[in-house]
Amino acid sequence: MGAREILESTYYGTADIYHFPLIEEGGVTEGERTLLYEGIRCALSKTTINKTAKDGGASPVNYDAALFVAPEYAIPPGCEIAVTQDGMERLFRYSGEAFRYCSHQELMLERMDYA
């Protein structure tokens, strides 16, 4: 079994990836949310964990995560990525560039939500 097969045996999640290609219409340019990939196998891992605020209000849930996917997917910066893993679905922002290897690629994600 090669490195790629071993790594992909740890992919317990799936990801839907949305991007926002710029469309010009009537002199206005805006990005429309478009599904780029659906249900691709992946693994999600936290890279940082931040504490929530104790001020009594809604606390931001803010942490960074790494997403591992197969190397053949072209995922441009600025995408939204919905990951379902271990029975939980989370929405992330991706605003970087992938680190590609022959066996996989890693994308650094940021999650922002409120608890």
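Before reading further, recall that the structure is shown in the block above.
As the structure is a computational prediction, the values presented were derived from the model and not from experiment.

A. Fine view of the nonpolar core. Judged by nonpolar contacts, the single largest core of 17 residues is most densely connected at Leu67, Ile81, Val83, Leu107 and Leu109. Of all the elements in the fold, those that place two or more residues in this core are β1 (13-19), β4 (34-46), β5 (60-69), β6 (79-85), β7 (88-94) and β9 (105-114). Ignoring sequence-local partners within four residues, the contact set of Leu107 consists of Ala65, Ala66, Leu67, Val69, Ile75, Ile81, Tyr94 and Ala98.

B. Examining unusual backbone geometry more closely. The phi torsion at Asp86 lies on the positive side, around 55 degrees, for a residue other than glycine. Here Asp86 is to be found in the loop between β6 and β7.

C. A look at a nonpolar patch on the surface. There is a patch of nonpolar side chains on the surface, built from Phe99, Tyr101 and Met108 and spanning about 300 Å² of accessible area. For Met108, a relative accessible area of 38% puts it in the partly exposed group.

D. Broad picture of the packing of aromatic side chains. On inspection of all chains with the given rule, the structure shows 1 aromatic pair. Aromatic side chains Tyr37 and Tyr73 sit 4.9 Å apart centroid to centroid with 75 degrees between the ring planes, which places their arrangement in the edge-to-face category. Taken together, the positions of Tyr37 in strand β4 and Tyr73 in the loop between β5 and β6 put the pair 36 residues apart, joining distant regions of the chain. Sitting over the face of the ring of Tyr18, Arg33 holds its NZ or CZ atom 3.7 Å from the ring centroid.

E. Looking closely at the environment of Thr47. With respect to the helices and strands, Thr47 occurs in the loop between β4 and β5. The spacing of Thr47 and Met108 is 61 residues in sequence and 8.7 Å in space, taken between C-alpha atoms.

F. Spotlight on the side chain of His19. One can find His19 in strand β1. Take His19: its relative accessible area is 19%, and that puts it in the buried class. In this structure, His19 is in contact with Glu32, Arg33, Thr34, Leu36, Pro76 and Cys79, ignoring residues within four places of it in sequence.

G. Geometry of the environment of Tyr101. Checked against the element boundaries, Tyr101 lands in the loop between β8 (99-100) and β9. Assessed through its relative accessible area of 42%, Tyr101 is described here as partly exposed. Sequence-wise, Tyr101 and Arg4 are 97 residues apart; in three dimensions their C-alpha atoms are separated by 9.7 Å.

The rules behind each value
Residues numbered from 1 in each chain as written. Predicted model: local features only at pLDDT ≥ 70, side-chain atom pairs only at ≥ 80, totals over all residues. Heavy atoms only, no water. Core = buried A, V, L, I, M, F, W, Y, C linked by side-chain atoms within 4.5 Å. Buried < 20%, exposed > 50% of the residue type's maximum accessible area, 1.4 Å probe, protein only. Helix = DSSP H or I, 4+ residues; strand = E, 2+ residues; numbered from the N terminus. Contact = heavy atoms within 4.5 Å. Patch = residues over 30% accessible without salt bridge, like charges linked within 9 Å, V, L, I, M, F, W, Y side chains within 5 Å. Areas by Shrake-Rupley, 256 points an atom, 1.4 Å probe, with all protein chains shown as cover. Salt bridge = Lys/Arg side-chain N within 4 Å of Asp/Glu carboxyl O. Phe/Tyr/Trp six-rings, centres within 6.5 Å; stacked < 30°, edge-to-face > 60°. Lys NZ or Arg CZ within 6 Å of the ring centre and 35° of its normal.

Taken by themselves, the reported measurements are silent on function.
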